[in-house]
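Structural description and commentary
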Amino acid sequence: TCCENIIVNNATLTQAAGRTQDSMDALDLRGPIDTAILSNLTASSGDDCIALNSINYDNGTPGSMGFGPYDDLGGNINNVTVSNITFVPYATSGPAAGIACYSNNTFSAYGINNLSISNLTGALQDYVLGLQRDQGEPLPSWSTGVGLYSNISISNSSVTRSGTAHTAGAYPVGQYVLDGTIDSITFTDIEPGVIPVNLWTSSASITSLVSNGVQLG
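Keep in mind that this is a model prediction, so the values were computed, not measured. (Residues numbered from 1 in each chain as written. Predicted model: local features only at pLDDT ≥ 70, side-chain atom pairs only at ≥ 80, totals over all residues. Heavy atoms only, no water.)

Regarding the sheet that holds strand β4 (residues 48-53)
Counted only if it meets this: Two strands are counted as paired when DSSP detects at least two bridges linking them. Runs of H or I in DSSP of at least four residues are treated as helices and runs of E of at least two as strands, each being numbered from the N terminus. The axes used here are C-alpha line fits, helices contributing only the stretch in contact, and every angle between their N-to-C directions lies in the interval 0 to 180 degrees.
In space, the 6 strands of this open sheet follow the order β2-β4-β6-β8-β11-β14, with parallel pairing throughout. Two strands close off the open sheet at either side, each with one partner strand: β2 (27-30) and β14 (197-199). Going across the sheet, the axis of each strand differs from the next one's by a mean of 10°, ignoring polarity. As judged from the 3 bridges shared by strand β11 (residues 176-178) and β14, these two strands associate in the parallel manner. Of the residues in β14, the one forming a bridge with valine 177 is asparagine 198.

Observations concerning the environment of threonine 121
Rules: Any pair of nitrogen or oxygen atoms within 3.5 Å is treated as a polar contact; in protein, a donor-acceptor pairing is required on top of that, and neighbouring residues in sequence qualify only through side-chain atoms on both sides.
The topology assignment puts threonine 121 in strand β7 (residues 112-124). Along the chain, threonine 121 and valine 159 lie 38 residues apart, while their C-alpha atoms are 4.7 Å from each other. Looking at threonine 121, its side chain comes within polar contact range of the side chain of threonine 86, at 3.0 Å.

Side note on the environment of valine 146
Operational definition: Residue contacts follow a heavy-atom distance rule, with two residues in contact if any of their heavy atoms lie within 4.5 Å.
Within the element layout of this structure, valine 146 appears in the loop between β8 (129-132) and β9 (148-157). As a C-alpha pair, valine 146 and glycine 180 span 34 residues in sequence and 4.9 Å in three-dimensional space. Ignoring sequence-local partners within four residues, the contact set of valine 146 consists of Ser103, Asn104, Asn105, Arg133, Gly180, Thr181 and Ser203.

This is the structure:
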C-alpha cells in the first residue's frame, strides 16, 4: 500500500529517550510514498535526522527478509519536499547526519524521485545529504545493486560541521555524499561557497550536476 500526501509540519523531532546515541533516526519514512511535505522542523538524533528508505530487503527466500532493523518490501519514494529544517545537538554531540536517502536495486528497482530540499540551518557531525545504496558501507555481501535517484535539488543551506565524526572512516569527508545512479542533482546558494561534494564509491555516477545555474557535469 502506498502512503500518499504525508505532512509533517511545525514539530520537534528527536530519537526516543533511552536509546544509545547512534541507534535511531528522528524521522524514518519507508516507501512506497507518493507526495510528502516535511517543513518547519527542528531535528536532533544520534543517527539520521531524516531518513527516506525505498529499499526492498526481501530476496525471495522465506525467512530471509530483514537487515538490521529493516523488514520491508520497499517501494518508490516520489515527490518529497523538505524545507525549513534546523539541526540541533543530540546529547553531548551530534546530530550525526541530516537527510539520508536509501535506494538499492538488488531485489527491486525502487528509487527516490523528485526530492526538493531547501532552507537548512544548524550543525552536523557528518553529511547534510547522503544518497546511499544501503545501511552501512561497505555493502552487505548479498547486495550487488546501485541506488536510483532522479531530480534531486538542494538550496539555501548554511549547515556547518561540528564535533567528532559520527563513525570515523565509515563516511567519506563531505557535506554532500553521493552514491548510486543520479540522473540530476542541483545545488543553489549553498554555504560555504565551494560545495563539499564527495562520491561514496566507484559505483556512483551523475548524469547532470548543476551549481548556481552552472552545468558542472
